[in-house]
Amino acid sequence: MEVRRSARRRRTVTAYREGDTLVVLIPAKMSRAEEEHWVAEMERKLQRTENRRASPARASDAALEARCLQLSTRYLDGTATPASVRWVPPMRTRWASCTPADATIRVSERLRDVPSWVLDYVLVHELAHLLEAGHNARFWTLVRRYPKTERAIGYLEGLSAAAGWGITELDSDD
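How each quantity is defined
The numbers attached to residues start from 1 for each chain and follow its sequence in the written order. Per-residue local features are limited, in this predicted model, to residues with pLDDT of at least 70; the limit for side-chain atom pairs, both in listing and counting, is 80 or more; totals at the level of whole chains, interfaces and linings are taken over all residues. Note that the side-chain values use all heavy atoms of the structure and ignore hydrogens as well as water. Fitted lines through C-alpha atoms serve as axes, helices being fitted only where they are in contact, and the angles separating the N-to-C directions of these axes extend from 0 to 180 degrees. Here a strand is any run of E in DSSP of at least two residues, a helix any run of H or I of at least four, and the numbering for each starts at the N terminus. For this classification, under 35 degrees means roughly parallel, over 145 means roughly antiparallel, 65 to 115 means roughly perpendicular, and everything else is oblique. In what follows, a contact means two residues having at least one pair of non-hydrogen atoms within 4.5 Å. Residue type decides the class: Asp, Glu, Lys and Arg count as charged, Ala, Val, Leu, Ile, Met, Phe, Trp, Tyr, Cys and Pro as nonpolar, and the leftover types, Gly among them, as polar. Pairing of aromatic rings covers Phe, Tyr and Trp, the last through its six-membered ring, and needs centres within 6.5 Å; plane angles under 30 degrees mean stacked, over 60 mean edge-to-face, and all others mean tilted. The criterion is that NZ of a Lys, or CZ of an Arg, lies within 6 Å of the ring centre and within 35 degrees of the ring normal, and then a charge sits over that ring. Any carboxyl oxygen of Asp or Glu within 4 Å of a side-chain nitrogen of Lys or Arg constitutes a salt bridge here. Each residue is placed in one exposure class: buried if its accessible area under a 1.4 Å probe, protein chains only, is under 20% of its type's maximum, exposed if it is over 50%, and partly exposed if it falls in between. Expected span of a helix: the number of residues minus one, times 1.5 Å. Think of it as the arc spanned by the lines of direction from the helix axis to the C-beta atoms. Buried residues of nine kinds, namely Ala, Val, Leu, Ile, Met, Phe, Trp, Tyr and Cys, make up a nonpolar core once their side-chain atoms join them within 4.5 Å.

### Quick look at the packing of helix 3 (residues 116–131) against helix 5 (residues 149–163)
With their axes 9 Å apart at the nearest point, helix 3 and helix 5 run at an angle of 105° to one another. As far as their axial angle goes, helix 5 and helix 3 are roughly perpendicular. Facing helix 3, whose interface residues are Trp117, Val118, Tyr121 and Val122, helix 5 presents Thr149, Arg151, Ala152, Ile153, Tyr155 and Leu156. Looking at side-chain class alone, the contact of helix 3 with helix 5 contains 8 nonpolar, 1 polar and 1 charged residues.

Here you go:
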(Lines give C-alpha, C1' and ligand atoms only; values in the text may rest on other atoms or scores of the structure.)
Protein backbone atom coordinates (compact mmCIF):
# COMPACT_ATOMS: atom_id res chain seq x y z
CA MET A 1 0.00 0.00 0.00
CA GLU A 2 1.19 3.50 -0.82
CA VAL A 3 -0.26 6.78 0.44
CA ARG A 4 0.42 9.87 -1.64
CA ARG A 5 -0.25 13.29 -0.16
CA SER A 6 -0.99 16.23 -2.43
CA ALA A 7 -0.98 19.94 -1.58
CA ARG A 8 -3.36 20.54 -4.49
CA ARG A 9 -5.89 18.06 -3.17
CA ARG A 10 -8.28 19.74 -0.68
CA ARG A 11 -11.05 17.29 0.30
CA THR A 12 -11.18 14.32 -1.99
CA VAL A 13 -9.66 10.92 -1.42
CA THR A 14 -9.04 8.54 -4.30
CA ALA A 15 -7.73 4.98 -4.50
CA TYR A 16 -6.68 2.69 -7.31
CA ARG A 17 -4.45 -0.30 -7.97
CA GLU A 18 -1.07 0.15 -9.59
CA GLY A 19 -0.01 -3.42 -10.26
CA ASP A 20 -0.28 -5.17 -6.89
CA THR A 21 -0.03 -1.91 -4.93
CA LEU A 22 -3.02 -0.05 -3.54
CA VAL A 23 -2.40 3.69 -4.07
CA VAL A 24 -4.42 6.13 -1.96
CA LEU A 25 -4.33 9.84 -2.82
CA ILE A 26 -5.16 12.17 0.09
CA PRO A 27 -4.91 15.90 0.89
CA ALA A 28 -1.51 16.91 2.35
CA LYS A 29 -3.15 18.56 5.37
CA MET A 30 -5.02 15.43 6.45
CA SER A 31 -4.18 14.23 9.98
CA ARG A 32 -2.70 10.77 10.60
CA ALA A 33 -5.98 9.62 12.19
CA GLU A 34 -7.94 10.81 9.13
CA GLU A 35 -5.39 9.13 6.87
CA GLU A 36 -5.81 5.81 8.68
CA HIS A 37 -9.60 6.09 8.46
CA TRP A 38 -9.61 6.95 4.75
CA VAL A 39 -7.00 4.37 3.78
CA ALA A 40 -9.07 1.62 5.44
CA GLU A 41 -12.29 2.99 3.92
CA MET A 42 -10.86 3.21 0.39
CA GLU A 43 -9.31 -0.25 0.64
CA ARG A 44 -12.71 -1.65 1.65
CA LYS A 45 -14.52 0.19 -1.19
CA LEU A 46 -12.00 -0.86 -3.81
CA GLN A 47 -12.15 -4.49 -2.69
CA ARG A 48 -15.95 -4.43 -2.82
CA THR A 49 -15.85 -2.99 -6.35
CA GLU A 50 -13.32 -5.57 -7.50
CA ASN A 51 -15.36 -8.42 -6.03
CA ARG A 52 -18.53 -7.14 -7.69
CA ARG A 53 -16.79 -6.84 -11.06
CA ALA A 54 -15.19 -10.28 -11.03
CA SER A 55 -17.19 -13.10 -12.53
CA PRO A 56 -17.89 -16.16 -10.40
CA ALA A 57 -17.24 -18.14 -13.60
CA ARG A 58 -13.52 -17.58 -13.14
CA ALA A 59 -13.44 -20.07 -10.25
CA SER A 60 -13.49 -23.30 -12.28
CA ASP A 61 -14.40 -24.99 -15.54
CA ALA A 62 -17.69 -26.09 -13.97
CA ALA A 63 -18.53 -22.51 -12.99
CA LEU A 64 -17.62 -21.36 -16.50
CA GLU A 65 -19.91 -23.98 -18.03
CA ALA A 66 -22.74 -23.04 -15.66
CA ARG A 67 -22.37 -19.39 -16.69
CA CYS A 68 -22.56 -20.42 -20.36
CA LEU A 69 -25.84 -22.20 -19.75
CA GLN A 70 -27.25 -19.12 -17.99
CA LEU A 71 -26.17 -16.87 -20.85
CA SER A 72 -27.53 -19.27 -23.47
CA THR A 73 -30.90 -19.23 -21.74
CA ARG A 74 -30.94 -15.47 -21.36
CA TYR A 75 -29.64 -14.33 -24.76
CA LEU A 76 -29.93 -17.31 -27.13
CA ASP A 77 -33.23 -18.84 -26.02
CA GLY A 78 -31.35 -21.81 -24.52
CA THR A 79 -30.50 -23.11 -27.98
CA ALA A 80 -26.70 -23.11 -27.60
CA THR A 81 -25.58 -25.98 -25.39
CA PRO A 82 -21.86 -26.66 -25.23
CA ALA A 83 -20.57 -30.20 -24.62
CA SER A 84 -17.70 -28.71 -22.61
CA VAL A 85 -16.37 -25.33 -21.58
CA ARG A 86 -12.95 -24.94 -20.03
CA TRP A 87 -10.21 -22.50 -19.14
CA VAL A 88 -7.02 -23.02 -21.14
CA PRO A 89 -3.51 -21.52 -20.93
CA PRO A 90 -3.21 -18.13 -22.67
CA MET A 91 -3.67 -18.40 -26.42
CA ARG A 92 -1.32 -16.38 -28.64
CA THR A 93 -3.91 -14.86 -30.99
CA ARG A 94 -7.35 -15.47 -29.45
CA TRP A 95 -9.38 -14.72 -26.35
CA ALA A 96 -11.37 -17.91 -26.78
CA SER A 97 -12.26 -20.50 -29.36
CA CYS A 98 -15.10 -22.81 -30.24
CA THR A 99 -15.25 -26.02 -32.24
CA PRO A 100 -18.85 -26.29 -33.43
CA ALA A 101 -18.36 -29.88 -34.66
CA ASP A 102 -17.92 -31.17 -31.11
CA ALA A 103 -19.53 -28.21 -29.28
CA THR A 104 -16.44 -27.39 -27.21
CA ILE A 105 -15.48 -23.94 -25.99
CA ARG A 106 -12.06 -22.96 -24.68
CA VAL A 107 -11.46 -19.64 -22.89
CA SER A 108 -8.03 -18.11 -22.40
CA GLU A 109 -6.93 -17.72 -18.79
CA ARG A 110 -6.04 -14.13 -19.70
CA LEU A 111 -9.75 -13.46 -19.21
CA ARG A 112 -9.96 -14.69 -15.60
CA ASP A 113 -9.61 -11.19 -14.19
CA VAL A 114 -11.65 -9.15 -16.67
CA PRO A 115 -14.96 -7.64 -15.51
CA SER A 116 -17.84 -10.09 -15.58
CA TRP A 117 -19.63 -8.26 -18.42
CA VAL A 118 -16.57 -8.72 -20.66
CA LEU A 119 -16.32 -12.45 -19.92
CA ASP A 120 -20.07 -12.75 -20.52
CA TYR A 121 -19.61 -11.19 -23.96
CA VAL A 122 -16.84 -13.67 -24.83
CA LEU A 123 -19.03 -16.57 -23.73
CA VAL A 124 -22.05 -15.33 -25.72
CA HIS A 125 -19.77 -14.90 -28.75
CA GLU A 126 -18.55 -18.48 -28.48
CA LEU A 127 -22.03 -19.83 -27.76
CA ALA A 128 -23.27 -18.11 -30.92
CA HIS A 129 -20.67 -20.12 -32.86
CA LEU A 130 -22.48 -23.28 -31.77
CA LEU A 131 -25.46 -21.98 -33.76
CA GLU A 132 -23.58 -20.27 -36.59
CA ALA A 133 -19.97 -21.25 -37.29
CA GLY A 134 -18.90 -18.19 -39.29
CA HIS A 135 -18.86 -14.46 -38.55
CA ASN A 136 -21.76 -13.69 -40.89
CA ALA A 137 -24.80 -11.43 -40.39
CA ARG A 138 -26.82 -14.14 -38.62
CA PHE A 139 -23.93 -14.74 -36.21
CA TRP A 140 -23.63 -11.04 -35.31
CA THR A 141 -27.39 -10.75 -34.88
CA LEU A 142 -27.16 -13.50 -32.27
CA VAL A 143 -24.13 -11.98 -30.53
CA ARG A 144 -25.66 -8.50 -30.40
CA ARG A 145 -28.51 -9.83 -28.28
CA TYR A 146 -25.97 -9.33 -25.51
CA PRO A 147 -26.40 -5.61 -24.71
CA LYS A 148 -22.77 -4.83 -23.88
CA THR A 149 -21.27 -6.31 -27.05
CA GLU A 150 -19.71 -3.13 -28.47
CA ARG A 151 -18.45 -2.01 -25.07
CA ALA A 152 -16.83 -5.41 -24.40
CA ILE A 153 -15.19 -5.46 -27.83
CA GLY A 154 -13.67 -2.06 -27.06
CA TYR A 155 -12.49 -3.27 -23.66
CA LEU A 156 -10.78 -6.32 -25.19
CA GLU A 157 -9.15 -4.23 -27.93
CA GLY A 158 -7.80 -1.82 -25.32
CA LEU A 159 -6.58 -4.64 -23.07
CA SER A 160 -4.75 -6.32 -25.94
CA ALA A 161 -3.18 -3.07 -27.14
CA ALA A 162 -2.07 -2.03 -23.65
CA ALA A 163 -0.50 -5.42 -22.94
CA GLY A 164 1.03 -5.73 -26.42
CA TRP A 165 -0.58 -9.13 -27.01
CA GLY A 166 -1.75 -8.52 -30.56
CA ILE A 167 -5.07 -10.28 -29.96
CA THR A 168 -7.60 -8.77 -32.33
CA GLU A 169 -10.68 -10.96 -32.10
CA LEU A 170 -12.42 -14.08 -30.98
CA ASP A 171 -12.37 -16.95 -33.44
CA SER A 172 -13.99 -20.29 -33.98
CA ASP A 173 -12.38 -23.40 -35.36
CA ASP A 174 -14.73 -23.41 -38.36
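### A few points about the packing of aromatic side chains
Tallied over the full model, the rule gives 4 aromatic pairs. Note on tyrosine 75 and tyrosine 146: the rings are 5.2 Å apart at their centroids and 85° apart in plane angle, and the pair reads as edge-to-face. In this pair, tyrosine 75 sits in helix 2 (residues 61–75) while tyrosine 146 sits in the loop between helix 4 (137–143) and helix 5, placing the two residues 71 residues apart along the sequence. Measuring from centroid to centroid gives 5.0 Å for phenylalanine 139 and tryptophan 140, while their planes differ by 80°, and the two rings are edge-to-face. Lying over the aromatic face of tryptophan 165, arginine 110 brings its terminal NZ or CZ to 4.4 Å of the ring centre. Over the ring of tryptophan 117 we find arginine 151, and its NZ or CZ is 4.1 Å from the ring centre.

### Observations concerning the pattern of salt bridges
Applying the stated criterion across every chain yields a total of 11 salt bridges. Arginine 4 is the salt-bridge partner of glutamate 2, the closest N and O atoms lying 2.7 Å from each other. For glutamate 2, a relative accessible area of 32% translates into the label partly exposed. The salt bridge involving glutamate 41 is made with lysine 45; its shortest N-O contact spans 4.0 Å. With glutamate 41 and lysine 45 both in helix 1 (residues 32–53) and 4 residues apart, this pair spans about one turn of that helix. Given a relative accessible area of 34%, lysine 45 falls into the partly exposed group. Each member of the salt-bridge network shares a partner with another, and the members are Arg5, Arg32 and Glu35.

### Quick look at the side chain of glutamate 35
Along the chain, glutamate 35 falls in helix 1. Residue glutamate 35 is classed as buried on the basis of its relative accessible area, which comes to 13%. What glutamate 35 contacts, discounting residues up to four positions off in sequence, is Val3, Arg5, Ile26 and Met30.

### Structural notes on helix 5
Owing to its 3.6 residues per turn, the α-helix aligns residues three or four sequence positions apart on the same side. With 15 residues, helix 5 should reach 21 Å at 1.5 Å per residue; the first-to-last C-alpha distance of 21 Å fits that figure. Of all the residues in helix 5, the buried ones are Thr149, Ala152, Leu156 and Ser160. What you see down the axis of helix 5 is that its buried residues fit within an arc of 70°, all on one side. Seen from the buried face of helix 5, the exposed residues on the opposite side, beyond 90 degrees, are Ala161 and Ala162. Contacts made by the buried residues of helix 5 are with strand 5 (94–99), helix 3 and helix 4. Glycine 164 sits one or two residues past helix 5 and shows a positive phi near 70°.

### Structural notes on the nonpolar core
Counting residues in each nonpolar core, the largest one holds 34 residues, and the members touching the most others are Leu64, Val107, Leu111, Leu119 and Leu127. Listing elements by their share of this core, those giving two or more residues are helix 2, strand 4 (84–88), strand 5, strand 6 (104–108), helix 3, helix 4 and helix 5. The dominant element in this core, judged by the number of residues it contributes, is helix 3, at 10 residues. Apart from residues no more than four positions distant in its own chain, leucine 64 is found in contact with Ala57, Val85, Arg86, Trp87, Val107, Leu119 and Leu123. Core analysis: the next-biggest nonpolar cluster, separate from the first, contains 9 residues, Val13, Leu22, Met30 and Val39 among them.

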